[in-house]
Amino acid sequence: MIFRINKIVLSCLCLILVTSFSCTTKDNSKLNKSNILDHKVDSLLALMTLEEKVGQMNLYNGFWEVTGPMPQEGDSKTKYDHLRKGWVGGMLNVKGVDNVRKMQQIAVEETRLGIPLIIGYDVIHGYKTLSPIPLAESASWDLEAIEKSARIAAVEASAAGINWTFAPMVDISRDPRWGRVMEGAGEDPYLGSKIAAARIKGFQGEDLSRPNTIAATAKHFAAYGFTEAGREYNTVDISTSKLYNMVLPPFKTAAENDVKTFMNSFNDLNGEPVSGSKYLQRDILKGEWNFKGFVVSDWASINEIIYWGRAKNKKEAAEIASKAGSDMDMEGYVYIKELVNLVKEGIVDERIINEAVGRILRVKFELGLFDDPYKYCNKENERKLIGQASHHEAALDMAKKSVVLLKNDNNLLPLKKEGQNIALIGHLANDKNSPLGSWRIASDDNTAISILEGMNAYKGNKLTYKKGVNLYEGITAFAQEVKINTTDRTGITEAINTAKDADVVVMVLGEHGFQSGEARSRTQLDLPGLQQELLEAVYKVNKNIVLVLQNGRPLALEWAAEHIPAILVSWQLGTQTGNAIAQVLYGDYNPSGKLPMTFPRNVGQIPIYYNYKNTGRATNREGNVFWSHYIDQENTPLFPFGHGLSYTNFDYSDLTIESQSYSINGTINISVSVSNVGDYDGKEVVQLYIRDLVGSIVRPVKELKGFELVSLKKGETKRIDFKLTKAELGFYNNNGEFIIESGDFEIFVGGSSDTKLKENFTLK
Ligand code: BGC
């Protein structure tokens with residue numbers, strides 16, 4: 001019986017295919033393809049009962065792993081029962097060909113219509129072969145490498161049965177206290193938009209129906225990165241111009257780049273929990289931006305509309321969220337429980353259900369799941385493609401590109417390869433787990449190359465390793481909470497004794513990989529535990545210290561910045577961490593990373609970011625106390641956005657702008673000479689910023705509007721060109737309208753956001 005009905009669906013789809021094929025031969029346009037898809041979707045919708053339609057709007061967690069609080073309703077019996085009734089549209093946290101096939105078989109072979117499941121997972125920075133965490137990759141400013149990294153993640157994940165990733169996270173954030181900054185591209189909407197596009201392209205490829213591409217998700221829509229005080233799951237209250245200028249650009253770019261799904265978020269926006277925000281989901285995303293994919297809720301976020309106090313019960317939450325345009329309920333059990341009745345009672349129009357289900361089916365068609373629901377379930381691919389050597393090579397390359405050299409006094413780096421006595425100190429130097437970072441999916445614990453292992457591959461020096469102090473005492477198995485050591489100092493003396501006689505001391509200090517990520521907000525941004533004490537104790541006996549930081553967020557390390565001659569930011573670099581760091585330390589790779597987020601001097605400065613607005617009292621005009629400042633700290637950051645050194649030096653000169661005056665519709669051509677004047681070949685991220693001097697609303701003092709990653713041989717000079725048009729010179733006002741205003745502008749070009757090289761022009 002079941003088989004017979006499936007065949008009916010199949011023949012119905014074949015019919016559409018035949019008719020549509022004759023159309024495509026006449027006009028092979030994108031529009032036509034889209035019409036064909038609409039036909040397919042509509043024909044299938046016409047066969048579905050209301051219960052089956054609501055079922056498609058239901059996303060269940062699998063039976064193996066969890067990434068959120070477990071709801072009471074989610075017992076296995078109910079889930080299997082719903083699966084068999086065709087009341088489940090997709091599953092998350094199911095991985096591996098066997099597991100996926102098992103779930104898919106139920107959907108395809110045991111339900112009335114045999115509609116395949118979409119299988120989602122948080123493939124954030126790789127599947128088994130882990131790349132650096134996304135914030136680290138963003139520090140490369142290397143869009144090609146970032147796209148490739150996402151491509152590899154898609155190849156491995158799809159070989160394990162997954163066809164949908166909950167990435168990229170495109171939340172802009174200015175608050176390093178928020179643990180999820182590790183998962184995004186930092187503080188800048190321009191850089192964030194470019195990186196969003198690269199990641200989506202990497203995941204989705206040119207053709208989503210291929211078995212090695214997966215649907216991507218732009219998340220978390222929207223403004224999650226502006227959570228008050230950097231505290232996870234907190235409230236967000238921001239102006240319309242901030243929303244449009246700072247938060248939305250990467251999401252808009254994602255929609256323009258045909259991202260297949262959006263995920264909403266746990267925060268409210270100006271009083272509206274966003275899973276219930278019609279303004280964001282219907283008016284902006286599906287309206288203004290004409291987004292054709294579907295919106296998935298975050299984990300039980302529709303349910304949480306009740307906890308926010310915006311709905312009194314599940315029924316009201318389901319009504320609010322569905323009307324607002326949330327198409328799929330992730331592990332919330334709200335839609336499945338309430339939507340059928342809401343339609344029957346006439347409270348929710350069935351057209352809302354049809355629209356949501358249509359969007360979901362559309363993505364399933366685009367993935368090719370109706371052609372072959374098991375296309376991602378190939379055992380041979382799973383065995384061959386995951387963890388292959390070329391993926392490790394690419395992860396190593398990406399890891400090296402992600403390293404940022406903050407400081408290098410007296411050219412302490414690169415290290416000499418021979419004849420040196422090197423002390424390597426720090427718990428994290430010998431840690432094979434922490435560098436994998438948060439969101440590690442299928443990679444096994446303790447599989448990163450440690451820094452000790454990486455440095456041991458260089459045989460010319462004497463290398464002595466001492467832990468110093470334990471960073472942590474243990475990690476809880478389920479929640480992966482890190483218990484920091486604050487009492488055991490027993491290893492400090494040993495570390496001091498080793499450091500005393502060393503030519504150079506390499507200290508690897510920072511955060512454990514599980515100290516950032518979801519639900520990992522911090523109020524202190526120092527070195528956790530006893531590491532600062534260790535650093536200062538070693539410094540007393542040997543000042544030749546190279547500090548290698550491992551961190552999932554910007555840290556506030558004023559003492560280190562003042563005293564330690566060389567500092568490398570290495571984030572969590574993934575599987576190839578140790579090899580990457582060793583190659584950078586020994587100069588086999590010349591670092592070129594630039595900070596995608598400002599490093600504050602202390603927590604009290606937060607939020608601190610480069611594109612701040614001027615104020616009425618921005619400078620100390622009169623030499624008295626009445627200006628915008630702190631009495632106990634400078635206004636400037638420890639290290640600005642865009643900062644990052646190289647083992648060579650770059651000189652900027654000859655900044656030219658074709659004319660001093662342009663029409664609003666014109667194109668402004670800018671060029672600059674960049675010379676490698678140091679002793680090594682190297683790469684530089686040449687950055688272009690603008691300042692709109694007078695506006696109808698207050699404008700930021702600087703805004704990134706262009707960048708180029710340039711390779712320069714020792715002694716080489718290149719001329720770099722930039723163009724500015726309306727798109728870069730305009731901005732959104734407080735009505736959410738994009739406007740461009742005449743007036744005077746400044747442009748700045750250089751290797752960091754604090755560059756002083758400047759030119760002017762006027763828009764007429
Ligand atoms: C996170 C999402 C993630 C989802 C599924 C939520 O807690 O906020 O980013 O995709 O869980 O794992």
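Residues numbered from 1 in each chain as written. Predicted model: local features only at pLDDT ≥ 70, side-chain atom pairs only at ≥ 80, totals over all residues. Heavy atoms only, no water.

### Points about the domain arrangement of the protein
No. 1: With domains assigned, the protein is organised as domain 1 (402-605) and domain 2 (650-763).
No. 2: On the side of domain 2, eight residues touch domain 1, which itself brings five residues to the contact.
No. 3: When domain 1 packs against domain 2, close to 530 Å² is buried across both sides, 47% of that on carbon and sulfur atoms.
No. 4: Considering only the surface of domain 1 that becomes buried against domain 2, N590, S592 and K594 emerge as the three largest contributors, covering 76% of it.
No. 5: Taken together, the connections running from domain 1 to domain 2 amount to one salt bridge.
No. 6: Close ionic contact of E684 with K594 constitutes a salt bridge, the shortest N to O distance being 3.0 Å.
No. 7: Counting across the interface, domain 1 meets domain 2 through four residue pairs in polar contact (both at pLDDT 80 or more).
No. 8: Classifying every residue of the side of domain 1 that touches domain 2 gives two nonpolar, two polar and one charged. (Domains from an automatic or database assignment. Contact = heavy atoms within 4.5 Å. Buried area = accessible area lost by both parts, 1.4 Å probe. Salt bridge = Lys/Arg side-chain N within 4 Å of Asp/Glu carboxyl O. Polar contact = N/O pair within 3.5 Å; in protein donor to acceptor, adjacent residues only side chain to side chain. Nonpolar A, V, L, I, M, F, W, Y, C, P; charged D, E, K, R; others polar.)

### Structural notes on the packing of aromatic side chains
No. 1: One pass over the full model with this rule turns up 27 aromatic pairs.
No. 2: Centroid distance Y610 to Y689: 5.4 Å. Interplanar angle 75°. Geometry classified as edge-to-face. One end of the pair, Y610, is in the loop between α21 (577-585) and β19 (650-657); the other, Y689, is in strand β22 (residues 682-692), and 79 residues separate them in sequence.
No. 3: Classification of Y689 as buried rests on a relative accessible area of 0%.
No. 4: A ring pair is formed by Y732 and F738, whose centres lie 5.1 Å apart and whose planes are at 65°; its orientation type is edge-to-face.
No. 5: On the accessibility criterion, Y732 (16% relative accessible area) is buried.
No. 6: Put simply, the rings of W141, Y190, Y610, F641, Y689 and F707 pair up and form one aromatic cluster. (Phe/Tyr/Trp six-rings, centres within 6.5 Å; stacked < 30°, edge-to-face > 60°. Helix = DSSP H or I, 4+ residues; strand = E, 2+ residues; numbered from the N terminus. Buried < 20%, exposed > 50% of the residue type's maximum accessible area, 1.4 Å probe, protein only.)

### Comments concerning the site of the ligand
No. 1: Among the 13 residues in the neighbourhood of the ligand, the closest are listed as T67, D122, R180, H220 and D298.
No. 2: In the environment of the ligand, an oxygen atom lies 2.6 Å from a nitrogen or oxygen atom belonging to the side chain of T67.
No. 3: Between the ligand and the protein, one listed contact pairs an oxygen atom with a side-chain N or O atom of R180 at 2.6 Å.
No. 4: Isolated, the ligand exposes 310 Å² of accessible area, and the fraction of that covered by the protein chains is 100%. (Near = heavy atom within 4 Å. Areas by Shrake-Rupley, 256 points an atom, 1.4 Å probe, with all protein chains shown as cover.)

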